[in-house]
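Observations on the three-dimensional arrangement
Listed below, chain by chain, are the residues.
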Amino acid sequence: MPYLPLHSIPQPAWIAIGILLIILGLSFCYKGWNAMVLGRIHYWSGFLPFTIVSPWFIHLPPSERSLIKTKEGLLCHALIGPLFFLTAIPLIVAGLDLTSLGGTKALNFVLNAGDSSKPEAVRYSPPLNYQFPLAVRASKSIAKLFNVQIEEESGKRMLPKDRQTQYQQF
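Attention in this report is confined to the structure presented alongside it. Only a predicted model underlies this, so the values are computations on that prediction, with no experimental measurement involved.

What counts and what doesn't
- Residues numbered from 1 in each chain as written.
- Predicted model: local features only at pLDDT ≥ 70, side-chain atom pairs only at ≥ 80, totals over all residues.
- Heavy atoms only, no water.
- Helix = DSSP H or I, 4+ residues; strand = E, 2+ residues; numbered from the N terminus.
- Buried < 20%, exposed > 50% of the residue type's maximum accessible area, 1.4 Å probe, protein only.
- Contact = heavy atoms within 4.5 Å.
- Areas by Shrake-Rupley, 256 points an atom, 1.4 Å probe, with all protein chains shown as cover.
- Phe/Tyr/Trp six-rings, centres within 6.5 Å; stacked < 30°, edge-to-face > 60°.
- Axes fitted to C-alpha atoms, helices over the stretch in contact; angles between N-to-C directions.
- Parallel < 35°, antiparallel > 145°, perpendicular 65-115°, else oblique.
- Nonpolar A, V, L, I, M, F, W, Y, C, P; charged D, E, K, R; others polar.
- Left-handed = near helix turned anticlockwise from the far one by under 90°.
- Salt bridge = Lys/Arg side-chain N within 4 Å of Asp/Glu carboxyl O.

Scanning the protein chain from N- to C-terminus turns up six helices and four strands. Listed N to C, the secondary structure of the protein chain is α-β-α-β-α-α-β-β-α-α in terms of helices and strands. Scored against the burial criterion, the 170 residues of the protein chain give a buried share of 23%. Within the protein chain, counting contacts between residues at least 6 apart in sequence, those at least 24 apart form 61% of the total. Total accessible area on the protein chain is roughly 12900 Å²; 67% of this is exposed by carbon and sulfur atoms.

Applying the stated criterion to the full structure yields five aromatic pairs. Every member of this aromatic cluster is reached through a ring pair, and the members are Phe28, Trp56 and Phe84.

Packed helices, taken two at a time, are described by their axes: the angle between them and the distance between them. It is at 7 Å that the axes of helix α3 (residues 74-98) and helix α4 (residues 103-111) come closest, and there the two elements cross at 135°. On the basis of their axis angle, the class for α3 and α4 is oblique. Side by side, α3 and α4 meet where Ile89, Val93, Leu96 and Asp97 of the first sit next to Gly103, Thr104 and Leu107 of the second. In terms of residue class, the contact of α3 with α4 is made up of four nonpolar, two polar and one charged.

Turning our eyes to something else, we now look at the side chain of threonine 104. Position of threonine 104 relative to the elements: it lies in helix α4. Judged by its relative accessible area of 7%, threonine 104 is buried. If we skip the residues at most four places from it in the chain, threonine 104 touches Val93, Asp97, Val122, Arg123, Tyr124 and Tyr130.

Below, the discussion takes up the packing of helix α1 (residues 11-38) against α3. The geometry of α1 relative to α3 is characterised by a closest axis approach of 7 Å and an angle of 160° between their N-to-C directions. It follows from the interaxial angle that α1 and α3 lie roughly antiparallel. Handedness of the crossing formed by α1 with α3: left-handed. In terms of residue class, the contact of α1 with α3 is made up of 25 nonpolar, eight polar and one charged.

For the structure shown, the criterion picks out two salt bridges. We note a salt bridge from arginine 40 to glutamate 72, for which the minimum N-O separation is 3.5 Å. Placement of the pair is arginine 40 in strand β1 (residues 40-44) and glutamate 72 in strand β2 (residues 68-72), with a sequence separation of 32 residues. For glutamate 120, the salt bridge identified is with arginine 123, shortest N-O distance 2.8 Å. For arginine 123, a relative accessible area of 38% translates into the label partly exposed.

The next thing to look at is the environment of proline 82. With respect to the helices, strands and loops of the structure, proline 82 is situated in helix α3. For the pair proline 82 and tryptophan 33, spaced 49 residues apart in the sequence, the C-alpha separation amounts to 9.0 Å. Sequence-distant contacts of proline 82, that is, excluding residues within four places in its chain, are made with Met36, Cys76 and His77.

Within the secondary structure, proline 61 sits in the loop between α2 (48-53) and β2. The exposure class assigned to proline 61 is exposed, which follows from its relative accessible area of 70%. Proline 61 sits 19 residues away from histidine 42 along the chain, and the two C-alpha atoms are 8.2 Å apart.

What is shown is where atoms sit, not what they do.
Have a look at this one:
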């Protein structure tokens, strides 16, 4: 199969892909609502490794005699629902960008709390190229937090003074 560069795909095809991504993202929003608010997800009860990721692949209601089961519980409210919403955000943003409806512009508005004077958090260039300057800025701040030396009081040391020099060389 020959290599097909992204720039050679016609614009109507990008719009169709964008619409499909928006529909898939909205499906994940619905699944996230069901999981977070109602505490209900559908999963496939077959082979275990597929069972764990199966909620991300089931988008239609199960038939009566299938291996797709319904699970309710606190795990759905606390973990699966937010993960569905986190899956929906990039799909919807990419779909809106591919259909020229400004998905990245809306995402930057939300991430910057409506303040247009702040630098953009995500950059988009067509057809499907994203850069994340927010991650670069955040990594510098997080590195500062983790590289701080915490001073300890001399009376609360875990190692005696004579053994501390032995471990400080590492």
